[in-house]
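Geometric and topological summary
Here is what each chain is made of, one letter per residue.
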Amino acid sequence: MQRLVLFDLDGTLIDLDAAFALWAEEFAEEHQLGHKGVDHLIKLNRNGLPHRELFFAKVRERFKLSTPAASL
């Protein structure tokens, strides 16, 4: 069996921005963050927080969520 690796360096295979926006809407709804919460999540993602531990720590701090960052 031959192995194959695909790299989507220019976003033509998967629209990651749209996928993240959909997730942000669902997350904001689940945690009652409102539309400004969605905007903030998208902004954090665009500002280059690739490490999700740091991303969720900032989300937890910003919205004063009681759930630990690792569980978010």
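Preceding block: the structure.
In this text the structure is predicted, and so the values were computed from the model without any measurement.

Let us look at unusual backbone geometry. In this model, Gln-32 sits at a positive phi of 55 degrees, which is unusual for a non-glycine residue. With respect to the element layout, Gln-32 can be found in the loop between helix H1 (16-30) and helix H2 (34-46). Residue Lys-64 is not a glycine yet carries a positive backbone phi of 50 degrees. Relative accessible area serves as the criterion here: at 72%, Lys-64 is assigned to the exposed category.

Because the α-helix completes a turn every 3.6 residues, residues three or four places apart line up on one side. The first and last C-alpha atoms of helix H3 (residues 52-63) sit 16 Å apart over twelve residues, in line with the 16 Å expected at 1.5 Å per residue. Taken as a whole, H3 has its buried residues at Phe-55, Phe-56, Val-59 and Phe-63. Looking straight down H3, one finds its buried side chains confined to an arc of 90 degrees; they lie on one side. Turned more than 90 degrees away from the buried face of H3, the exposed residues are Glu-53 and Glu-61. Where H3 is buried, its residues touch H1 and H2. Within two residues after H3, Lys-64 carries a phi angle of roughly 50 degrees, on the positive side.

Using the criterion set out here, one finds seven aromatic pairs in the structure. Pairing Phe-55 with Phe-56 gives two aromatic rings, centres 5.1 Å apart and planes at 90 degrees, and the pair type is edge-to-face. Residue Phe-55 shares its accessibility class with Phe-56, and that shared class is buried. Taken together, the ring pairs connect Phe-20, Trp-23, Phe-27, Phe-55 and Phe-56 into an aromatic cluster. For the cation-ring pair, Arg-52 lies above Phe-55, with the distance from its terminal atom to the ring centre recorded as 4.8 Å. Above the ring of Phe-63, the side-chain terminus of Arg-62 is found at 5.0 Å from the ring centroid.

At a minimum axis separation of 14 Å, H1 and H3 run at an interaxial angle of 40 degrees. Comparing the axis directions of H1 and H3 gives the class oblique. Classified by chirality, the crossing of H3 by H1 is right-handed. Between H1, through Phe-20, Trp-23 and Phe-27, and H3, the contact on the second element is made entirely by Arg-52, Phe-55, Phe-56 and Val-59.

Here is what the cut-offs are and how they apply
Residues numbered from 1 in each chain as written. Predicted model: local features only at pLDDT ≥ 70, side-chain atom pairs only at ≥ 80, totals over all residues. Heavy atoms only, no water. Helix = DSSP H or I, 4+ residues; strand = E, 2+ residues; numbered from the N terminus. Buried < 20%, exposed > 50% of the residue type's maximum accessible area, 1.4 Å probe, protein only. Expected span 1.5 Å × (residues − 1). Arc of directions from axis to C-beta. Contact = heavy atoms within 4.5 Å. Phe/Tyr/Trp six-rings, centres within 6.5 Å; stacked < 30°, edge-to-face > 60°. Lys NZ or Arg CZ within 6 Å of the ring centre and 35° of its normal. Axes fitted to C-alpha atoms, helices over the stretch in contact; angles between N-to-C directions. Parallel < 35°, antiparallel > 145°, perpendicular 65-115°, else oblique. Left-handed = near helix turned anticlockwise from the far one by under 90°.

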